Amino acid sequence: MKLLQNFSLVKRFFTGALLVWQIILGRAWIYLQGFGHDKTWMNQKLLQFYGEMAHKFRLTAVSLGGLLIKVGQLLSTRVDIFPQNVLDELSLLQDEVKPVPFDDLRMVLEDDLKVNVDEIFASLEQIPLASASLGQVHVGKLHTGEKVAVKIMRPGIEAIIHVDFRLVYLMMQLCRFLTNWYDLMDVNKVYREIHDTIERELDYVQEGESAEQMAASFSKIRQIRFPKIYWQYTAKHVLIMEFMDGIKINDYSKIEAAGLIRTKVAQKVWDAYAKQVIEDGFFHADPHPGNLMVDIKGNIIFLDFGMMGRVSAKNRRLFIELASAVMQADYSQIVHCLKKIGFLLAWADTEIVAQALENFWEAMLADRKQASDREMRAAAEQLRKLLYEQPFQIPSEYTFLGRAFGILYGICRGLDSEWNLLEQFKTSMLNFSEHEDTKAEIKEQAIRIVTSTAEIPTLAARSLRRWEEDGMLVRFPAQQIRENSKTVAKALHILSWSIVSAALFVAGSYLYVQGFLDPVEAALGLSVLVLGYVLILLKRD
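A brief structural summary.

### Quick look at the overall build of the protein
(1) Moving on: Counting secondary structure elements, the protein contains 21 helices and 11 strands.
(2) Moving on: Going through the 541 residues of the protein one by one, you find that 50% of them count as buried.
(3) Moving on: Sequence-distant contacts, at least 24 apart, represent 71% of the contacts inside the protein between residues at least 6 apart.
(4) Moving on: When the accessible surface of the protein is summed, it comes to about 26800 Å², and 55% of that surface belongs to carbon and sulfur atoms.

### Focus on helix H9 (residues 187–201)
(1) Moving on: Over its 15 residues, H9 runs 21 Å from end to end, which matches the ideal 21 Å to within 8%, given 1.5 Å per residue.
(2) Moving on: Among the residues of H9, Val187, Val190, Tyr191, Ile194, Thr197, Ile198 and Glu201 are the ones counted as buried. Axial view of H9: buried residues confined to an arc of 135°, hence all on one face.

### Here's the deal with the sheet that holds strand E10 (residues 300–302)
(1) Moving on: Spatial ordering of the open sheet is given by E5-E10-E9-E7, a layout of four strands whose pairing is mixed. The open sheet terminates on both sides in strands that have one partner only, identified here as strand E5 (224–225) and strand E7 (247–248).
(2) Moving on: Taken strand by strand, helix H12 (residues 262–280) contacts E5, strand E9 (292–294) and E10, and its axis lies near 45° from that of E10.

### A short note on the packing of aromatic side chains
(1) Moving on: What the rule picks out here adds up to eight aromatic pairs.
(2) Moving on: Aromatic pair Phe226 and Phe305: ring centres 6.0 Å apart, planes at 45°, arrangement tilted. You can see Phe226 sitting in the loop between E5 and strand E6 (238–242) and its partner Phe305 sitting in the loop between E10 and strand E11 (308–310), a full 79 residues away along the chain. There is no split in this pair, since Phe226 and Phe305 are both buried.
(3) Moving on: The cationic tip of Arg262 hangs over the ring face of Tyr252; the distance from NZ or CZ to the ring centre is 4.4 Å.
(4) Moving on: One residue, Lys275, lies across the ring of Phe218, its end atom 5.3 Å from the ring centre.

### Some details on the environment of Pro83
(1) Moving on: With respect to the helices and strands, Pro83 occurs in the loop between helix H3 (67–75) and helix H4 (84–90).
(2) Moving on: Residues Pro83 and Gly51, spaced 32 residues apart in sequence, show a C-alpha to C-alpha distance of 8.7 Å.

### A closer look at the nonpolar core
(1) Moving on: One finds Ile249, Ile300 and Phe302 to be the most contacted residues of the largest nonpolar core, which totals 105 residues.
(2) Moving on: Membership of the second largest hydrophobic core comes to 18 residues, among which are Phe102, Ile120, Leu142 and Val148.

### Some remarks on helix H5 (residues 102–113)
(1) Moving on: For H5, which comprises 12 residues, the first-to-last C-alpha distance of 16 Å matches the rise-based estimate of 16 Å (1.5 Å per residue) to within 8%.
(2) Moving on: Within the span of H5, buried status applies to Phe102, Leu105, Val108, Leu109, Asp112 and Leu113. Down the axis of H5, the smallest arc covering the buried residues is 115°, so these residues share one side. Exposed side chains of H5 directed beyond 90 degrees from the buried face belong to Asp103, Met107 and Asp111.
(3) Moving on: Packed against the buried residues of H5 are helix H6 (117–120), strand E1 (121–124), strand E3 (135–142), strand E4 (147–153) and E6.
(4) Moving on: Backbone geometry just after H5 places Lys114 at a positive phi near 55°.

### Observations concerning the packing of helix H2 (residues 39–64) against H3
(1) Moving on: For the pair H2 and H3, the least separation of the axes is 7 Å and the interaxial angle reads 140°. In terms of orientation, H2 and H3 fall into the oblique class. Across the interface between the two elements, Phe57, Ala61, Val62 and Leu64 from H2 touch Leu68, Ile69 and Gly72 from H3.

### A closer look at the packing of H12 against helix H17 (residues 399–415)
(1) Moving on: At a closest axis distance of 8 Å, the pairing of H12 and H17 adopts a crossing angle of 160°. When the axis of H12 is compared with that of H17, the two are roughly antiparallel. You can see that H12 and H17 cross each other, and the crossing is left-handed. When H12 is examined against H17, the residues Arg262, Thr263, Val265, Ala266, Val269, Trp270, Tyr273 and Val277 are found in contact with a partner set consisting of Leu401, Phe405, Leu408, Cys412, Gly414 and Leu415.

Reading the values: the criteria
- Residues numbered from 1 in each chain as written.
- Predicted model: local features only at pLDDT ≥ 70, side-chain atom pairs only at ≥ 80, totals over all residues.
- Heavy atoms only, no water.
- Helix = DSSP H or I, 4+ residues; strand = E, 2+ residues; numbered from the N terminus.
- Buried < 20%, exposed > 50% of the residue type's maximum accessible area, 1.4 Å probe, protein only.
- Contact = heavy atoms within 4.5 Å.
- Areas by Shrake-Rupley, 256 points an atom, 1.4 Å probe, with all protein chains shown as cover.
- Expected span 1.5 Å × (residues − 1).
- Arc of directions from axis to C-beta.
- Pairing = 2+ DSSP bridges.
- Axes fitted to C-alpha atoms, helices over the stretch in contact; angles between N-to-C directions.
- Phe/Tyr/Trp six-rings, centres within 6.5 Å; stacked < 30°, edge-to-face > 60°.
- Lys NZ or Arg CZ within 6 Å of the ring centre and 35° of its normal.
- Core = buried A, V, L, I, M, F, W, Y, C linked by side-chain atoms within 4.5 Å.
- Parallel < 35°, antiparallel > 145°, perpendicular 65-115°, else oblique.
- Left-handed = near helix turned anticlockwise from the far one by under 90°.

Written out as structure tokens, the structure is:
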């Protein structure tokens with residue numbers, strides 16, 4: 001059994017590693033084919049290639065499950081790095097995987113709680129209510145009569161995640177050396193963020209504590225509900241909580257059938273998140289429809305507290321300062337704030353970026369009429385292009401916030417087609433300014449933001465008119481391709497040594513996973529040396 005498990009882990013590692021090398025070698029092959037063609041042809045080929053690789057990554061992640069799904073979901077928010085076709089593919093990743101047989105989960109539960117299942121439950125359904133990459137949820141009934149949701153971690157998932165961590169680390173290091181990602185984000189910091197987040201998700205005790213922390217924060221707000229945690233039946237791999245019945249937040253027909261007003265539901269969801277982010281600095285980072293429900297009384301129900309995010313008081317003040325600059329159309333101050341927060345690279349040309357922002361913002365505000373959904377999408381697309389083509393980055397600590405905000409925006413717009421982001425933001429800032437624990441200078445700043453918006457039209461505007469597009473640019477660190485025989489020979493040389501490096505890497509990876517640390521150093525060391533030689537060739541004029 002252990003031999004089969006080890007084989008499965010090695011196969012898993014190889015599957016991911018070979019996908020990485022397929023991307024590296026495939027890109028080198030496109031460069032080789034590009035001799036004799038112009039830059040436009042090259043960019044189109046590369047865009048198509050990245051879309052195909054994103055599709056393969058998605059299929060691989062769905063097949064393997066585990067960490068790769070979550071990594072793909074997080075990368076789907078990086079509009080500052082990836083073109084739209086890659087983001088579209090990654091956004092399709094859902095954390096839904098094939099369920100584990102109940103008997104296997106029963107062993108996990110009994111081993112973790114040191115008690116027989118029948119001693120805890122009067123009944124426990126064997127068909128899961130939900131199945132995800134790390135665990136699955138079953139409905140049960142305690143002997144005391146309470147209906148509960150039983151969350152059990154998948155058997156062997158920690159060993160799988162351990163291998164996945166190694167794979168993702170190697171993937172990100174290769175991307176760091178072979179692409180320009182290191183110019184756009186701190187790859188090591190992003191990896192640590194992912195690592196720490198998943199480690200927390202692998203401990204259901206921490207998840208229970210997060211649920212109770214949020215419940216305590218909302219204790220005076222009756223219309224926001226959180227499940228009760230049964231601590232006597234909770235351990236690292238098992239979490240038993242109150243079963244909460246409700247309607248999925250995107251099931252609009254059932255919401256209306258229950259007599260609930262969708263606009264009010266959207267307002268409650270937004271207000272709950274505004275409190276979490278602006279006041280508490282501790283927020284639910286995975287607000288997809290499976291984790292947000294509304295009951296027949298109109299109460300909002302939060303579920304699944306494995307993925308949580310934090311915003312420091314300092315960063316909240318910086319966000320308010322940035323919002324004030326945006327509302328007053330002070331583009332120099334906007335650039336200054338973006339640099340302070342870390343959204344703008346230090347080497348960025350301040351004047352050029354300020355002018356680009358001014359062009360975008362004035363075009364957005366060119367028409368005071370309410371924009372249609374089509375026009376809003378067009379404006380959003382222009383903003384995405386601005387982020388992608390200019391020297392912007394999304395700091396790793398804001399990745400979860402950005403993802404949560406993107407999902408939340410879609411939920412609120414789905415519930416209420418006339419939902420206005422700017423108006424909601426103004427209201428939230430005003431409420432924040434009245435919070436009793438807020439410092440005086442922050443109150444003054446928030447009030448100034450709200451009052452200054454009286455002279456500014458709504459964010460909803462028609463598609464950009466003055467934006468002069470040269471087409472989407474794809475950024476690569478490779479030197480400009482020369483159309484001559486020497487360059488062709490050089491490309492073939494690079495491709496050959498890349499294959500050698502890949503072979504050494506695969507051999508070293510196998511030894512690494514198997515635990516043979518002495519030979520692995522030689523294999524991976526040679527791979528790195530060869531890779532270094534390839535990088536020297538790439539960087540030569």
